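Each chain, letter by letter, is given below.
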Amino acid sequence: VQLQASGGGLVQAGGSLRLSCAASGSIFSITDMAWYRQVPGKQRELVATISGVGSIDYDDAVKGRFTISRDNAKNTVYLQMNSLKPEDTAVYYCAAEILGRVGVWRHYWGQGTLVTVSS
């Protein structure tokens, strides 16, 4: 099982980006999916989560600007980021709780995608 994140890049303040993260491999089920971000020298922080039944939560810093969603048929989670600010600059990581076909739940991380917001 692996998670592949994409969609990062350079954008001006006020702009938008959409991140995607697709899970692949021997997957039986996926429950919680999430996006985290990390800047050098700081701890990784939770940005948004979406449960298997669609319950959503956001960090206060991104509420009203970011939207998390998922496509269960594609085992993919998205993060639509609008009204981006320079302080949103970070490496963004996706994560998911996945039940593999061997019958074990595990927490998986994607490889990270860099988002840079210029002022």
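Cut-off values and rules
- Residues numbered from 1 in each chain as written.
- Predicted model: local features only at pLDDT ≥ 70, side-chain atom pairs only at ≥ 80, totals over all residues.
- Heavy atoms only, no water.
- Helix = DSSP H or I, 4+ residues; strand = E, 2+ residues; numbered from the N terminus.
- Rg over C-alpha atoms; globule rule 2.2 N^0.38 Å.
- Buried < 20%, exposed > 50% of the residue type's maximum accessible area, 1.4 Å probe, protein only.
- Polar contact = N/O pair within 3.5 Å; in protein donor to acceptor, adjacent residues only side chain to side chain.
- Pairing = 2+ DSSP bridges.
- Axes fitted to C-alpha atoms, helices over the stretch in contact; angles between N-to-C directions.
- Contact = heavy atoms within 4.5 Å.
- Disulfide = S-S within 2.5 Å.

> Mind showing me how you'd approach the overall build of the protein chain here?
Of the regular secondary structure elements, the protein chain holds zero helices and eleven strands. Relative to a compact globule of 119 residues, whose C-alpha radius of gyration would be 14 Å, the protein chain shows 14 Å and is just as compact. Across its three principal directions, the C-alpha atoms of the protein chain cover 50 × 25 × 20 Å. Sorting the 119 residues of the protein chain into buried and exposed places 39% on the buried side.

> How do you make sense of the side chain of arginine 37 when you look at a structure like this?
By the secondary structure assignment, arginine 37 is in strand S4 (residues 27–38). Its relative accessible area of 6% is what places arginine 37 among the buried residues. Among the polar contacts listed, one links the side chain of arginine 37 to the side chain of aspartate 88, at a separation of 2.9 Å. Polar contacts involving the side chain of arginine 37 include one to the side chain of tyrosine 92, which spans 2.9 Å.

> Hey, could you run me through the sheet that holds strand S7 (residues 66–71) in this one?
To summarise the sheet geometry, strands pair through backbone hydrogen bonds and adopt either a parallel or an antiparallel arrangement. Read from one edge to the other, the open sheet built from four strands follows the order S1-S3-S8-S7, with strand pairing classed as antiparallel. This sheet does not close on itself; its edge strands, each paired only once, are strand S1 (2–6) and S7. For this sheet, the mean angle separating the axes of adjacent strands, direction not counted, is 15°. Both S1 and strand S3 (residues 17–24) contribute to a ladder of five bridges, which runs antiparallel. Residue pairing in the sheet places serine 6 in a bridge with serine 20 of S3.

> Would you take a moment to explain the pairing of strand S11 (residues 113–118) for this structure?
Working note: regular strand, side chains alternate between the two faces of the sheet. Alternating positions in S11 separate cleanly, Thr113, Val115 and Val117 being buried on one face and Leu114, Thr116 and Ser118 remaining unburied on the opposite face. Sheet analysis places strand S2 (residues 9–12) next to S11, joined by four bridges and oriented parallel. Looking at S11, one finds that glycine 9 is bridged to valine 115. Here strand S9 (residues 90–100) runs beside S11; their pairing, made up of three bridges, is antiparallel.

> Explanation requested: the environment of valine 117 in the structure shown.
Turning to its location among the elements, valine 117 is positioned in strand S11. By relative accessible area, valine 117 is classed as buried at 6%. Taking the C-alpha atoms as reference points, valine 117 and glycine 14, separated by 103 residues in sequence, lie 8.7 Å from one another. Setting aside anything within four residues of it in sequence, one finds valine 117 in contact with Val11, Gln12, Ala13, Leu84, Lys85, Pro86, Asp88 and Thr89.

> What is the right way to read the state of the cysteines from this model?
As used in these notes, a disulfide is a covalent bond between sulfur atoms, one from each of two cysteines. A complete count under the given rule lists one disulfide for this structure. Paired by a disulfide, cysteine 21 and cysteine 94 hold their sulfur atoms 2.0 Å apart. With the S-S dihedral at roughly 55°, the linkage between cysteine 21 and cysteine 94 falls on the right-handed side. With a gap of 73 residues between them, cysteine 21 in strand S3 and cysteine 94 in strand S9 connect regions that are remote in the sequence. Neither residue differs from the other here; cysteine 21 and cysteine 94 are each classed as buried.

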